[in-house]
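Listed below, chain by chain, are the residues.
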Protein chains: 2
Amino acid sequence: MSHVTLEDVARAADVSLATASRALNGRRVTPHLHDRVLAAAARLAYTPNAHARALAGASRRSVGVVCHDVTDPYFAAVAGGVMRVAADNDLLVMLASTFRDPEREIAYVSMLRAERAPAILLIGSGFEDPRWERAMAAELAPYLDGGGRVAVVSRHRTLKVDSVLPENRAGAAELARALLGLGHRRFAVLSGPPELTTVADRLGGFRDELTAAGVALGPGAVAEAAFTRDGGYRAMTELLDRGLDATCVFACTDVMAVGAYAALRDRGLSVPGDVSVAGFDDIPVVRDLTPPLTTVALPLHRLGEEAMNLALTENTGRRRRIVRLPGEVVMRASTAPVA
Amino acid sequence: MSHVTLEDVARAADVSLATASRALNGRRVTPHLHDRVLAAAARLAYTPNAHARALAGASRRSVGVVCHDVTDPYFAAVAGGVMRVAADNDLLVMLASTFRDPEREIAYVSMLRAERAPAILLIGSGFEDPRWERAMAAELAPYLDGGGRVAVVSRHRTLKVDSVLPENRAGAAELARALLGLGHRRFAVLSGPPELTTVADRLGGFRDELTAAGVALGPGAVAEAAFTRDGGYRAMTELLDRGLDATCVFACTDVMAVGAYAALRDRGLSVPGDVSVAGFDDIPVVRDLTPPLTTVALPLHRLGEEAMNLALTENTGRRRRIVRLPGEVVMRASTAPVA
DNA sequence: TAGCACCCTGAAAGCGCTTACTGAAAGCGC
DNA sequence: GCGCTTTCAGTAAGCGCTTTCAGGGTGCTA
């Protein structure tokens, strides 16, 4: 496990350590020596030790990212934006998937802190648990004090850091209007874990708009489940078992809508013949479903890109920066006018 | 950007650096001092500097992973397996998405080498380009010599490292048999970039099995495109434009099959009424397509998990380890018997 | 030719941590 | 009670690199 060190290179090139370092880092060095160092480095297959560099004070080209689940198409898309920016800037991404475990999320932030990553990204809805919030804030505070930058995507309001926020509430409201415009008056909702802020926003925006139009969303019309395909399946099935009395179902995420399609199909119901279905996010696959899903399209890649932009640039102002990205309702064939 | 250091903790606890270090690392220390150190560390919100630790010789808990595109459901699923094992072992994952750029892949391996990651995973088909192969081998050799571990998933044979190999050839052959069993005799194939080894294996296995059954795959029956949804769309459209003369289309990856569905739909053709379609991989979404896609199911999560297992354990033998994971043909409604 | 400014190179001081190694104190048998 | 082992805290030596600082050429001006 012995590595070629800068000292080896310097010796091979018959120069001092300092010169070797300078040559490799593109500082001014006599061309002659410069070439000799580079040749020696290449010959010895020298790879600088990133730890030593970091310790000696060189700035690190890395970024830490914590998300719920890389497997989920939503996060995969956002992560895609992150990776794109990272690749364009030669950054190393330290990615952690917490599998939606709040404890693990904090543990990972701690690890990233230990790595002295200059920036940390938190991707995905926060947890509305005061204890968790306090713990996370405590973890982040010294990091921020130490000059670390933090950016969050679609994250709880109470974390006072730079944020990228999809306009969940407005998007859901707009979707509600569009659905009302199709003549729907009886709705059902597939909701996610109530402690997630995203749920509160989307459900809230949707419900408020209905209320404004004089349409009520009965307590039995909302089913909760995990933000997964199977969660959507279960929630839809539950609604069906309760005796669904709705012409339109709103799934808080597209992934849940996919499960809902399956549940409806298994019951022999057709979309949108028997019931219209709408989702949220516009993950890549939903346009290829049959029927293509009506949804609120979020610029998923941009969520990741903008977060990286926040994380990579110093916040010079005194206030936290917030990038709001609007969603756009995309009407597809999964929603039909009420007969 | 000044951080709390171990020295600060030691001073606060009124012990020596060594004692502080030992206490924090769980070495034997008088309980009294032990508690004092831990209390001081907590009070100061101390986070050890991972670089300093690594430099001083502590083993690193990290793994480097390079894949083509985290956005792709196939890689997302494999990465999911990787992240799961990482989470269970408290490992930090340094993930790079190369966006299918061979140069970038080598550049990332170099970065990972600089990070002194104890293990590197290469996920996704290799490039059959001798120059690239040589460059990659040159990059890997000193890393392996230095005690680094490398594991690859679904990767070129010529890279002499521990590998996890989905049985592409056998899987494609089995699929071909199943399709022949349905009575199909005229086939078309949506193929990927020919320099990818995965393509060679899947196409080769499929074609050989047809040949063995006395069925030929004409040159015009194969369309090449990128391993993406849009690639599948384009390849399918191209086949259609050529005047598709097949009862069954084999898409080398499920993602391409998704695009093929769309292309067929746009031409008003039905699956499997007008043409049967089969894919490969069994990415999560294909069972929710209409009709659900016949495919060769690979244990995607396990690909990632097994690779991690290889990467985390020392190869004690002298030969490289190979874990072969078989695919299983899953017949769904996208393929029908020939009338 | 002497003097001055400049540009490069090399020597050396850390960055924050782990870990021999050293040494003191305590426990044991005889 | 003396010399032995054992236990555990402290001292200090690096890990590999960047960077400051000092010194020695070089080219210029006077």
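The rules behind the values
Residues numbered from 1 in each chain as written. Chains lettered and ligands numbered in written order. Predicted model: local features only at pLDDT ≥ 70, side-chain atom pairs only at ≥ 80, totals over all residues. Heavy atoms only, no water. Salt bridge = Lys/Arg side-chain N within 4 Å of Asp/Glu carboxyl O. Helix = DSSP H or I, 4+ residues; strand = E, 2+ residues; numbered from the N terminus. Least-squares fit on C-alpha atoms with pLDDT ≥ 70 in both. Contact = heavy atoms within 4.5 Å. Buried area = accessible area lost by both parts, 1.4 Å probe. Polar contact = N/O pair within 3.5 Å; in protein donor to acceptor, adjacent residues only side chain to side chain. Nonpolar A, V, L, I, M, F, W, Y, C, P; charged D, E, K, R; others polar. Pairing = 2+ DSSP bridges. Near = heavy atom within 4 Å. 1 Å grid on protein atoms, 1.4 Å probe; cavity = no way out; pocket = protein on both sides within 12 Å on 5 of 7 lines; lining within 4 Å. Points joined across faces, edges and corners; volume = space filled by probe spheres on them. Disulfide = S-S within 2.5 Å. Buried < 20%, exposed > 50% of the residue type's maximum accessible area, 1.4 Å probe, protein only. Axes fitted to C-alpha atoms, helices over the stretch in contact; angles between N-to-C directions.

Chain A is annotated in an unreviewed UniProt entry as Transcriptional regulator, LacI family from Micromonospora tulbaghiae.

Student: Would you explain the pattern of salt bridges in this entry?
Tutor: Any two side chains of opposite charge can pair, so long as their charged atoms come close to each other. Applying the stated criterion across every chain, the model contains 40 salt bridges over all chains. In this structure, Glu-7 of chain A and Arg-11 of chain A form a salt bridge, with 3.2 Å as the shortest nitrogen-oxygen distance. Taken as a pair, Glu-7 of chain A and Arg-11 of chain A lie in helix 1 (residues 6-13) at a separation of four residues, close to a single helical turn. Here Arg-113 of chain B ties to Glu-139 of chain B by a salt bridge, and the two come within 3.0 Å at their closest N and O atoms. With a gap of 26 residues between them, Arg-113 of chain B in helix 6 (residues 102-114) and Glu-139 of chain B in helix 7 (residues 130-145) connect regions that are remote in the sequence.

Student: What is the right way to look at the relation of the copies chain A and chain B in this model?
Tutor: In summary, the two copies of the chain are related to each other by a rotation about an axis coupled with a shift along it. Relative to chain B, chain A is turned by 180° and slid 0.1 Å along the rotation axis, the superposed coordinates differing by an RMSD of 0.1 Å. The superposition of one copy onto the other is thereby described by a two-fold rotation axis. An overlap of 100% is found between the interface residues of chain A and their copies at the interface of chain B, pointing to a shared contact surface.

Student: Before we go on, may I ask you to explain the interface of chain A and chain B in this structure?
Tutor: Where interface size is quoted, it is often the accessible area lost as the parts come together. Each partner contributes residues to the interface: chain A has 57 residues there, and chain B has 57 residues. Both sides together, the interface formed by chain A and chain B hides about 5,200 Å², and carbon and sulfur atoms give 57% of it. Inspection of the chain A/chain B interface yields 17 residue pairs in polar contact (both at pLDDT 80 or more). Taken together, the elements giving at least two residues each to the side of chain A that touches chain B come down to helix 4 (50-55), helix 5 (73-88), strand 2 (92-97), helix 6 (102-114), helix 10 (229-241) and helix 11 (254-266) of chain A. It is helix 5 of chain A that provides the largest number of residues to the side of chain A that touches chain B, a total of eight residues. Residues of the side of chain A that touches chain B, tallied by class, amount to 30 nonpolar, 13 polar and 14 charged. Here strand 2 of chain A runs beside strand 2 (residues 92-97) of chain B; their pairing, made up of three bridges, is antiparallel. Across the sheet, residue Val-93 of chain A finds its bridge partner in strand 2 of chain B, namely Leu-95 of chain B.

Student: Would you take a moment to explain the protein's contact with DNA strand D for this structure?
Tutor: Taken together, 25 residues surround DNA strand D, and among them Leu-6, Ser-21, Arg-27 and Tyr-46 of chain A together with Thr-30 of chain B come closest. Counting only the atoms of DNA strand D within 4 Å of the protein, the fraction contributed by sugar and phosphate is 65%. The backbone of Leu-6 of chain A places a nitrogen or oxygen atom 2.3 Å from a phosphate oxygen of DNA strand D. Backbone polar atom of Asn-49 of chain A to a phosphate oxygen of DNA strand D: 3.3 Å apart, as the coordinates give it. Breaking the surface near DNA strand D down by element, the ones donating at least two residues are helix 2 (17-24) and helix 4 of chain A together with helix 2 (17-24) of chain B. Looking at the surface near DNA strand D, its residues break down into 13 nonpolar, seven polar and five charged.

Student: It is not clear to me how the protein's contact with DNA strand C should be interpreted in this structure. Could you clarify?
Tutor: In the vicinity of DNA strand C, 26 residues are found, and the nearest of them are Thr-30 of chain A together with Leu-6, Ser-21, Arg-27 and Tyr-46 of chain B. Atoms of DNA strand C within 4 Å of the protein belong to the sugar or the phosphate in 65% of instances, the rest to bases. Thr-19 of chain A is positioned with one of its side-chain polar atoms (N or O) 2.7 Å from a phosphate oxygen of DNA strand C. In this structure, Thr-30 of chain A approaches DNA strand C through a side-chain N or O atom, which is 2.6 Å from a phosphate oxygen. Taken together, the elements giving at least two residues each to the surface near DNA strand C come down to helix 2 of chain A together with helix 2 and helix 4 (50-55) of chain B. The dominant element in the surface near DNA strand C, judged by the number of residues it contributes, is helix 2 of chain B, at four residues. Classifying every residue of the surface near DNA strand C gives 14 nonpolar, seven polar and five charged.

Student: Help me understand the layout of surface pockets, please; the structure alone is not making it clear to me.
Tutor: Gaps between atoms show up when a probe of the same size as a water molecule is rolled over them. In this structure, the largest pocket spans a volume of roughly 1,100 Å³. What lines the largest pocket is a set of 42 residues, and nearest its centre among them are Pro-73, Pro-284 and Val-285 of chain A together with Thr-71 and Pro-73 of chain B. Within the residue set of the lining of the largest pocket, elements represented by two or more residues are helix 5, helix 10, helix 11 and helix 12 (300-312) of chain A together with helix 5 (73-88), helix 10 (229-241) and helix 11 (254-266) of chain B. At five residues, the largest contribution of residues to the lining of the largest pocket is made by helix 5 of chain A. For the lining of the largest pocket, a count of residues per class yields 20 nonpolar, six polar and 16 charged. Each pocket or cavity is described by its volume, and for the second largest pocket that value is around 900 Å³. Together, 31 residues line the second largest pocket, and Asn-25, Pro-48, Asn-49 and Arg-53 of chain A together with Ala-114 of chain B are the ones closest to its centre. If you list the elements that add at least two residues to the lining of the second largest pocket, you get helix 2, helix 3 (31-43) and helix 4 of chain A together with helix 6 of chain B. Classifying every residue of the lining of the second largest pocket by side-chain character gives 16 nonpolar, seven polar and eight charged.

Student: Is there a simple way to explain the state of the cysteines in this structure?
Tutor: The term disulfide refers to a covalent linkage connecting the sulfur atoms of a pair of cysteines. Considering all chains together, one arrives at zero disulfides over all chains under this definition. The structure places no disulfide on Cys-252 of chain A, whose sulfur is separated from the nearest cysteine sulfur, that of Cys-248 of chain A, by 12 Å. In this model Cys-67 of chain B remains outside any disulfide bridge; the closest cysteine sulfur is found in Cys-67 of chain A, 13 Å from its own. Its relative accessible area of 2% is what places Cys-67 of chain B among the buried residues.

Student: Where do I start with the sheet that holds strand 11 (residues 322-325) of chain B in this structure?
Tutor: In a beta sheet, neighbouring strands pair by backbone hydrogen bonds and run either parallel or antiparallel. Taken together, twelve strands build an open sheet; the order of strands is 11(A)-5(A)-4(A)-3(A)-1(A)-2(A)-2(B)-1(B)-3(B)-4(B)-5(B)-11(B) and the sheet is mixed. Looking at which strands have only one partner, the edges of the open sheet turn out to be strand 11 (322-325) of chain A together with strand 11 of chain B. Strand-to-strand, the axes of this sheet are offset by a mean angle of 20°, without reference to chain direction. Pairing between strand 3 (residues 119-123) of chain B and strand 4 (residues 149-153) of chain B: five bridges, direction parallel. For Ile-120 of chain B, the partnering residue across the bridge sits in strand 4 of chain B and is Val-150 of chain B.

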